[in-house]
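Fold and geometry: a report
Residue-level listing of the chains:
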Amino acid sequence: DPFMLTIRPGDPAATIRYTVDGSLPTSSSPEATGPISIAATTLVRAIAVKNGTASAVFNQSYFQLDASLAPFSSNLPLLIVHRLGGAAPQPSSREYVPGVLGVFDAGDSRTTLTRPAAHTSRLGIKIRGRSTRDKAKPSYTLELWGREQEDAPAALLGMPADGDWVLYAPYDWDLSMMHNVIAYELSNRIGRYAARTRYCELFMVTGSAKV
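What counts, and at which threshold
Residues numbered from 1 in each chain as written. Predicted model: local features only at pLDDT ≥ 70, side-chain atom pairs only at ≥ 80, totals over all residues. Heavy atoms only, no water. 1 Å grid on protein atoms, 1.4 Å probe; cavity = no way out; pocket = protein on both sides within 12 Å on 5 of 7 lines; lining within 4 Å. Points joined across faces, edges and corners; volume = space filled by probe spheres on them. Helix = DSSP H or I, 4+ residues; strand = E, 2+ residues; numbered from the N terminus. Nonpolar A, V, L, I, M, F, W, Y, C, P; charged D, E, K, R; others polar. Buried < 20%, exposed > 50% of the residue type's maximum accessible area, 1.4 Å probe, protein only. Patch = residues over 30% accessible without salt bridge, like charges linked within 9 Å, V, L, I, M, F, W, Y side chains within 5 Å. Areas by Shrake-Rupley, 256 points an atom, 1.4 Å probe, with all protein chains shown as cover. Salt bridge = Lys/Arg side-chain N within 4 Å of Asp/Glu carboxyl O. Core = buried A, V, L, I, M, F, W, Y, C linked by side-chain atoms within 4.5 Å. Contact = heavy atoms within 4.5 Å. Pairing = 2+ DSSP bridges. Axes fitted to C-alpha atoms, helices over the stretch in contact; angles between N-to-C directions. Lys, Arg positive; Asp, Glu negative; His and termini not counted. Polar contact = N/O pair within 3.5 Å; in protein donor to acceptor, adjacent residues only side chain to side chain. Charge placed at Lys NZ, Arg CZ, Asp CG, Glu CD.

Moving on, we come to the layout of surface pockets. Summary: where empty space remains is shown by rolling a probe the size of a single water molecule over the atoms. Its boundaries defined by the atoms lining it, the largest pocket holds a volume of some 1,300 Å³. Counting only elements with at least two residues in the lining of the largest pocket, the list comes to β12 (139-145), β13 (164-167), α1 (179-189) and β14 (201-205). At four residues, the largest contribution of residues to the lining of the largest pocket is made by β13. In terms of residue class, the lining of the largest pocket is made up of 31 nonpolar, two polar and eight charged. Computed from the structure, the second largest pocket encloses a volume of approximately 420 Å³. If you trace the second largest pocket, you find 21 residues lining it, with D1, Y62, F63, Q64 and L65 closest to the centre. With three residues, the single largest contributor to the lining of the second largest pocket is strand β6 (residues 58-62). Its residues placed into classes, the lining of the second largest pocket shows 13 nonpolar, five polar and three charged.

Written as structure tokens, this is what we have:
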């Protein structure tokens, strides 16, 4: 439901400047003099400014769910990639497009989208691969972004921290979605390097739609 967000600086002498359009906040951005209305999926970016000096950028995403998803649950972790008004990544493009990521992981319990996210982040996303780019469910490459477009490594789903991630969708090449996973696991268990993996479900949200 829509709600009012209040942001307070750790130093009472500082002022909060913020944006809700994805842009980097500056000392000339709107000042948070009162609660901010959040009525849709929104990326809030804020800084504290004191004596002309700005703090690090605070980023927080809020996801608006369609009512039909309230009872949804899964045995797998759930990932939301919201394009914040943009279209889905296109097979014809090799460029990252911006969005926000929400990671929901309940561990040994069933995962729901109504619980707090384990991690949220700005990101860049593009379609991965060559021969599978036009599939209905392509693979994606993700970059977790910090202040601007620099890598912001994070530990996701129990795996080591990194700024670059792959959402692998073998589609009709491996309908079981197990062949690579088993090979990687065997390699890791005998002490050789292989990519770590976790199964997950992805919600790719385009335009201004609800999740």
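Moving on to unusual backbone geometry. Residues other than glycine seldom take positive phi values, yet N51 does so here, at roughly 55°. Checked against the element boundaries, N51 lands in the loop between β4 (42-50) and β5 (53-54). Residue classification places N51 among the exposed residues on the basis of a relative accessible area of 74%. Located in the positive-phi region is M177, a residue other than glycine, with phi close to 55°.

To continue, consider a nonpolar patch on the surface. Taken together, the side chains of L76, M177, M178, I182, L186 and Y199 define a hydrophobic patch exposed on the protein surface, amounting to about 540 Å² of accessible area. Mapping L186 onto the fold places it in helix α1.

Moving on, we get to the nonpolar core. Among the nonpolar cores identified, the biggest contains 16 residues, and L101 and L156 are the most heavily contacted of them. Within the residue set of this core, elements represented by two or more residues are β8 (78-82), β9 (97-104), β11 (119-128), β12 and β13. If we skip the residues at most four places from it in the chain, L101 touches F63, L79, I80, V81, H119, T120, S121, L123, L144 and L156.

A separate point is the sheet that holds β13. Ordered in space as β13-β12-β11-β9-β8-β14, the six strands form an open sheet in which the pairing is mixed. Among the strands making up the open sheet, the edge pair consists of β13 and β14. Each neighbouring strand pair of the sheet contributes to a mean axis angle of 30°, computed without reference to strand direction. Taken together, the seven bridges between β9 and β11 define a ladder with antiparallel strand orientation. The residue bridging V103 from the neighbouring strand is H119, located in β11.

Now for the side chain of E143. Here E143 shows up in strand β12. No salt bridge forms around the buried E143; measuring N to O, its nearest opposite-charge neighbour K126 is 6.8 Å away. One polar contact links E143 to W145, side chain to side chain, over a distance of 3.1 Å. In this view, E143 contacts Y96, R122, L123, G124, Q149, D151, G163 and D164; residues no more than four positions away in its chain are not counted.

Our next topic: a negative patch on the surface. Negative charge collects at one region of the surface, where E150, D151, D162 and D164 lie side by side. Structurally, D151 can be placed in the loop between β12 and β13. Taking relative accessible area as the criterion, D151 reaches 38% and is therefore assigned partly exposed.

With that out of the way, let us pick up the pattern of salt bridges. Side-chain pairs of opposite charge can arise whenever the charged atoms involved come near each other. In total, this model carries five salt bridges according to the counting rule given. As a salt-bridge pair, R17 and E31 come within 3.9 Å of each other at their nearest N and O atoms. One end of the pair, R17, is in strand β2 (residues 15-19); the other, E31, is in the loop between β2 and β3 (36-38), with 14 residues separating them in the sequence. E31 sits in the partly exposed class, given a relative accessible area of 36%. R189 serves as the salt-bridge partner of E185, at 2.7 Å between the closest nitrogen and oxygen. Here E185 pairs with R189, and both are found in helix α1, just four residues apart, close to one helical turn. A relative accessible area of 67% places R189 in the exposed class.

Spatial relationships are all this shows, so hold off on functional conclusions.
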